[in-house]
Structure formats: C-alpha cells, structure tokens
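This is what each chain is made of:
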Amino acid sequence: LKMSWFWFYLPLHLLMATCLCHSIKAPTTSSQQSFKTDLFNFYHSLILADGKETTVHLLKDIPKRYYFVLEEGRVLAPFSITVTPCDVPIEWSILVYKSPPGFPGKATPGDHDTQEVSKSQKAPSMVSTIFSYKGNSVETYMGLSAHSALYLLEFLSTERDTHITVYLTTDTMSGHLYPELPTDPRIDVISVGHTTVTLTWKHSPSVLQHRESIQYCLLVNEKHNYKSLCAAETAIRSSGMKLPPTLALSLSPYLLEPQQVMILSNSELSIINKASSGEVRQVCMGTRNSYTVPNLSPSTQYYFDVFIVNLLTNASAAYTGTFARTLEEPEPKVTELKDGKVIHVVLDGKKQKFYSLQYQARHKKIHFTFQLCQGQIRVHITRNGKTVASENLSGLRYLSLKGKLLDTYLVQLRSTEESNSSVKVQASPHFHKPLFPLLPENLKIKSFSKLRTCRSVTIAWLGTQEESKYCVYRKRIEEDQIWRELQSADRCSGPESRHKSEKVLCKYFYDLNLQRAVTTETIKGLEAGTFYLFDVYLFGPSGIPVRYHSKVVKTRKKC
C-alpha cells in the first residue's frame, strides 16, 4: 500500500472542502463549528512517516498531532500503529476523516478493531475516533481501511514533559520493525541463592530467523519492572546516571561515566550503574536464553527485565518482567577473642564475606590492635549491637574504646579487594602489656641519591624514645619484579621468613629527643647497576616485629 502523494501536497483545507461537498446534508451551526475545529487540528498536524519509527516529544498538557493518508485502490487495506511510552502514562487516540458515500456518521464496513468510539458519531460529523488508550504500556492498533481516508493521531501527556516512539506501517506482512516475542513471554526464575538468581525465558522466533542481528539484554534493578527499553533508559537517566544510547549498542565502544563499572567476561558485557536509588545492571548475552545473575546482595528484592533487541534497527521488545528476593545471609561463624591473645585472620577477597570475632569485656576500657599484613581490609566494630567504629585499616592501628563491664564487642573484617588479605588482631584491657613496640612517626625508609655508589647505598629510618632492636635485610631483584615484590609483601612476617644470606646487620638505638631519633646505615658490597630491596624490622619488648615499608634502590652503573 502506497501513500497518496497527491493528498500530501494538496492543501488540507481544500481537501476538507472537497470531501464536505459529498455529504448528503449540510452541517448545522454546531456541526460547522466542530468541522472548523477538526479542520484546524488537521491543518496543524505533522506527517507521520510510513515504515519508520518516529520519536515524539510531548510537553505537559499540550497535545501533539500527526496524520497519514491511506490511498484508495485495495479492498480492506491493512495498517498498524505501535506506540511506546518512554516514561509516564500518556493518552493517545486515532481519528479518521473519510469521504463517506452516505451520511457522515454512518458506520463503514471497513471499520473494526474499535476500542472506544467517540460519542460524536451519534451526530453528523466529519471525524470519528476509532481508537483511544491511556497508560504506559506498549500498544499496537491493527486496522483495515476500505476507502481513501485521512487519519489523525493525537498524543497528550498530563503528568510532565516526556517522549514516546511511534511506528506506522502499511506493509503488515514484511514490515516487522520490532523483534517478535514468543507465545509465552514470561521470565521464569529457576533458582534463588544468597547472592545469585538464575533466570530463563523462551526463545524469540526472531532469533531463529535472524540469529546474527538479534540478542537478548537483561536489566536488573531494585525499584520496579519496565515495560519497554526506552522507559528503562529514561528512568535511569532521570536518577542521575548516563547510559549508552541503548542496550542494543552496548557492545560498541563508548566512554563510561564515573558512576559506571564495565565487566567483560565470556563474551558478555555487563554495565553496572551506581546511584542513590540503588544499583542498575545491564547484561547482553547474545542469543542465550538463560542467565545466572551474580554478586547480588543477600535479602534484597530485585526486578528482572529481558529485552529482545534488533542490532540493525535498534528496535526492541520487552518480555514480561519478573522479580525475586535473594536469600538471607546465614549467620557467620564467630570466633572468640581472648585477653592478650593474637589471632591471624586470612580473608578470601573473591567471596567478600565478613569474618567475625567476639570479645566480652572484663574491664571498662578495651584496647584493640590491628596489624594489616596483606591487601586491604575494612573493620566494623559494634558494642551490644551498636556501631562504635568502622574504617579501612592501614599498617598498624590501635583503637581504644570505653564501655561497661561485660559489654559484648563484635569485630567484623572484610577484604576490600579481590585478592586475599590478612590481618593480626588482639583485644585486651587498656592496661595490658602492649603487643607491639612503640612506633615512630612513620615507617618509611629513605635513601640518599647523592650517597649512592656503584658498590654501596645509604639508607635512613626513624626511631623512638624507647630503646629497641632494628634489623636490616637486603635482597637483589630484577626490574620487572619490583611491583610484584612490593605488592605481595607480607607486612606481618618477621625475619624468620628471610634467607640468612639476606641479613645485613642488627642494632639498638633510641633518642629521648624525637627530632634526633634518626639512624643511618651504609650497606656495602653491592653490585653496580643492580636493584636491591631493603627491609628494616623493629622489635619491641614482646618480641613481635614490625616491618618498615620496603625500599627499592639501584646502585650506580658507572662511578
């Protein structure tokens, strides 16, 4: 079915006048006014393209109109109109203006699929409403026309400014813009765990016909389901996040916003958007019709929407969304802390689970000591169920807390990175003998570039007002080993883990004046142009060492 270009270019007021002449009787005064209004509406309308999706922007309470013409020449010519709201519910209707063979209000055999007919049909009228709808669902109207007709589409948003998409086609046999949904478009929840949900859905017939240009995309969020892809993108943008133009293009390169995290694994692209309204995930998984959503939060309700997307046209269709609540996290095992006893905790970064320690106070003042050995760890301490401390650990950390006798403290530790982390923990009354030695202002080792030679380097470190033992170790390394050595260093390990040949010297020193509590050492017998890793260990009264931050120095190549 082709569009009548003659009607497109014929001035609409002449078209109306010509059609009016075919009426059996002249309109009354009231019908004349109605006719003028209809004529004005048509005259101020835009042409709706056939076979192309059109984006329509609506201003609140201001109607917007589009028209199209069906040409005479075929019996019961079919056409379809699909309207997709991208935000709030809208009102839209289809009005038809015909050149009737008889009385203007008389029903025509070609009119059917009418959902709501205007009351104006009961009286003589040139325009009749054949369909109207109010809501935010994707709606498609299928119609047949036996005569030349001019159709008017009217759209109205009463809540706020918004946008919609409209698709008109007169080629209903082959003009399928949107991927086809299966007979049963529901998403099935196969299993629910503490942090995972497994979903499956029936294949779209479009996947079997156009496998290379079709893919499934999954949207996960904590608010509600979405009835279309453009509705989901609009809602996410309004929450402060910026998205790629569409999920269909999410396999194309683009720049992520700061609040987005991209994860690419096993040919799947996941986009995680973080906002105050919760986390939103997008996953496109090709033509697979099942997926296990990982890394969810326990005891949380999630909403899942699957969209079948045509990569060539960028058009999509939505399955019926579903939701599921993840299981509650089981109570973690709790290890008891005893006065003065040191516990070495190793945390699995991949599982991201809390390790819990419990301590019952026998004094009002309690002293917690944490020595971070590897990785990055966050500690959370509660007293009788109320939070009293929560922070990321760094190096050696002391926390002194004051409460009541028999208060119960719960210490929870969690790795904040994917690699394993470890920490030493001690809890004791405030007056207990300290586990670690008195520490200097910082634990950095300094090297003096001007004092470097081909065979020696000079290093310095800070001491304290308390006489303590310091041991220096060195290790020859290659340049490509530097980063790994510094990252994997166990800051809780003592000299017992080192080879005897790496030991340089041990010495005692202190100074009551902290400004002068600095010591230097020149390490000789080195090779020219070589990298060396230097470590200093500080021993206190308890004999437990504290390791300074490792320092890498390269000897001069030529002297």
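Note that the coordinates shown come from a computational prediction; the quantities given were computed from them, not determined experimentally.

A. View of the overall build of the protein. Broken down by element type, the protein carries 6 helices and 36 strands. Buried positions account for 45% of the 559 residues belonging to the protein. Contacts in the protein between residues far apart in sequence, at least 24 positions, make up 74% of those at least 6 positions apart.

B. How the structure looks around the sheet that holds strand S28 (residues 421–429). One open sheet accounts for 4 strands, arranged S21-S28-S23-S26; its pairing is antiparallel. The sheet is open, and its two borders are formed by strand S21 (342–347) and strand S26 (396–402), each paired with just one other strand. For this sheet the average axis-to-axis angle between neighbouring strands, irrespective of direction, equals 20 degrees. Note: strand S23 (residues 365–374) against S28, 8 bridges, orientation antiparallel. Residue pairing in the sheet places histidine 367 in a bridge with serine 428 of S28.

C. Here's a closer look at the state of the cysteines. The full count for this structure, using the stated rule, is 5 disulfides. Across the disulfide, cysteine 86 is cross-linked to cysteine 230 (sulfur-sulfur distance 2.1 Å). Between cysteine 86 and cysteine 230, the S-S torsion sits near -95 degrees, and that sign places the bridge as left-handed. Residue cysteine 86 is found in the loop between strand S4 (77–85) and strand S5 (90–98), and its partner cysteine 230 is found in helix H5 (residues 229–238); the two are separated by 144 residues along the sequence. What makes cysteine 230 buried here is its relative accessible area of 17%. Residue cysteine 217 pairs covalently with cysteine 284 via a disulfide, S to S 2.1 Å. Taking the torsion about the S-S bond as the criterion, the cysteine 217 to cysteine 284 disulfide, at about 105 degrees, is right-handed. Remark: cysteine 284 occurs in strand S15 (residues 278–284) and cysteine 217 occurs in strand S12 (residues 214–221); sequence separation between them is 67 residues.

D. The arrangement of the side chain of serine 415 in detail. With respect to the secondary-structure elements, serine 415 resides in strand S27 (residues 408–415). Within the structure, serine 415 has its side chain in polar contact with the side chain of serine 421 (distance 3.0 Å).

E. Quick peek at unusual backbone geometry. Located in the positive-phi region is asparagine 295, a residue other than glycine, with phi close to 55 degrees. Structurally, asparagine 295 can be placed in the loop between strand S16 (290–293) and strand S17 (301–310). One non-glycine residue, serine 299, lies in positive phi territory at about 50 degrees. In this structure serine 299 comes out as partly exposed when scored by relative accessible area, which is 28%.

F. Examining the environment of lysine 227 more closely. Among the structural elements, lysine 227 can be located in the loop between S12 and H5. Between the alpha carbons of lysine 227 and valine 138 there is a distance of 7.1 Å; along the sequence they are 89 residues apart. The residues touching lysine 227, leaving out its near neighbours within four places in the chain, are Asn136, Ser137, Val138 and Ala318. Separated by 3.1 Å, the side chains of lysine 227 and serine 137 make a polar contact.

G. Region of interest: the packing of aromatic side chains. This structure, assessed with the given rule, holds 18 aromatic pairs. Measuring from ring centre to ring centre gives 5.0 Å for tryptophan 92 and phenylalanine 131, while their planes differ by 50 degrees; the resulting arrangement is tilted. Remark: phenylalanine 131 occurs in strand S6 (residues 127–135) and tryptophan 92 occurs in strand S5; sequence separation between them is 39 residues. A relative accessible area of 5% places phenylalanine 131 in the buried class. With centroids separated by 6.2 Å and ring planes inclined at 75 degrees, the aromatic side chains of tyrosine 359 and phenylalanine 368 adopt a geometry described as edge-to-face. The same class applies to tyrosine 359 as to phenylalanine 368, namely buried. One residue, lysine 469, lies across the ring of phenylalanine 539, its end atom 5.5 Å from the ring centre. Here the basic side chain of lysine 507 rests over the ring of phenylalanine 509, its NZ or CZ set 5.8 Å away from the ring centre.

H. Looking closely at the sheet that holds strand S3 (residues 64–70). Spatially, 5 strands are ordered S1-S3-S8-S5-S6 in an open sheet, and the strand pairing comes out mixed. Edge positions in the open sheet fall to strand S1 (46–47) and S6, since each of these has one partner strand only. Sheet topology note: the S5/strand S8 (residues 149–156) ladder contains 8 bridges and is antiparallel. In the sheet register, leucine 95 faces S8, and the bridge partner there is leucine 152.

I. Up close: the pattern of salt bridges. Using the criterion set out here, one finds 13 salt bridges in the structure. A salt bridge links glutamate 91 to lysine 134; the nearest nitrogen and oxygen atoms lie 3.8 Å apart. One end of the pair, glutamate 91, is in strand S5; the other, lysine 134, is in strand S6, and 43 residues separate them in sequence. On the basis of relative accessibility, which here comes to 27%, the residue glutamate 91 falls in the partly exposed class. One salt bridge in this structure joins aspartate 535 and arginine 498, with 2.7 Å as the shortest N-O distance. With aspartate 535 in strand S34 (residues 531–539) and arginine 498 in the loop between helix H6 (482–488) and strand S32 (503–509), this residue pair connects regions lying 37 residues apart in the sequence.

J. Region of the structure containing the confidence of the model for the protein. Here the protein shows a mean pLDDT of 79. Residues at 70 or above account for 76%. Confidence over residues 1–32 falls short of pLDDT 50; this stretch has 54 contacts with residues more than four positions distant or in other chains. Taken as a whole, residues 102–125 scores under 50 in pLDDT and shows 37 contacts with residues more than four places along the chain or in a different chain.

Calculation rules
Residues numbered from 1 in each chain as written. Predicted model: local features only at pLDDT ≥ 70, side-chain atom pairs only at ≥ 80, totals over all residues. Heavy atoms only, no water. Helix = DSSP H or I, 4+ residues; strand = E, 2+ residues; numbered from the N terminus. Buried < 20%, exposed > 50% of the residue type's maximum accessible area, 1.4 Å probe, protein only. Contact = heavy atoms within 4.5 Å. Pairing = 2+ DSSP bridges. Axes fitted to C-alpha atoms, helices over the stretch in contact; angles between N-to-C directions. Disulfide = S-S within 2.5 Å. Polar contact = N/O pair within 3.5 Å; in protein donor to acceptor, adjacent residues only side chain to side chain. Phe/Tyr/Trp six-rings, centres within 6.5 Å; stacked < 30°, edge-to-face > 60°. Lys NZ or Arg CZ within 6 Å of the ring centre and 35° of its normal. Salt bridge = Lys/Arg side-chain N within 4 Å of Asp/Glu carboxyl O. pLDDT = per-residue confidence, 0-100.

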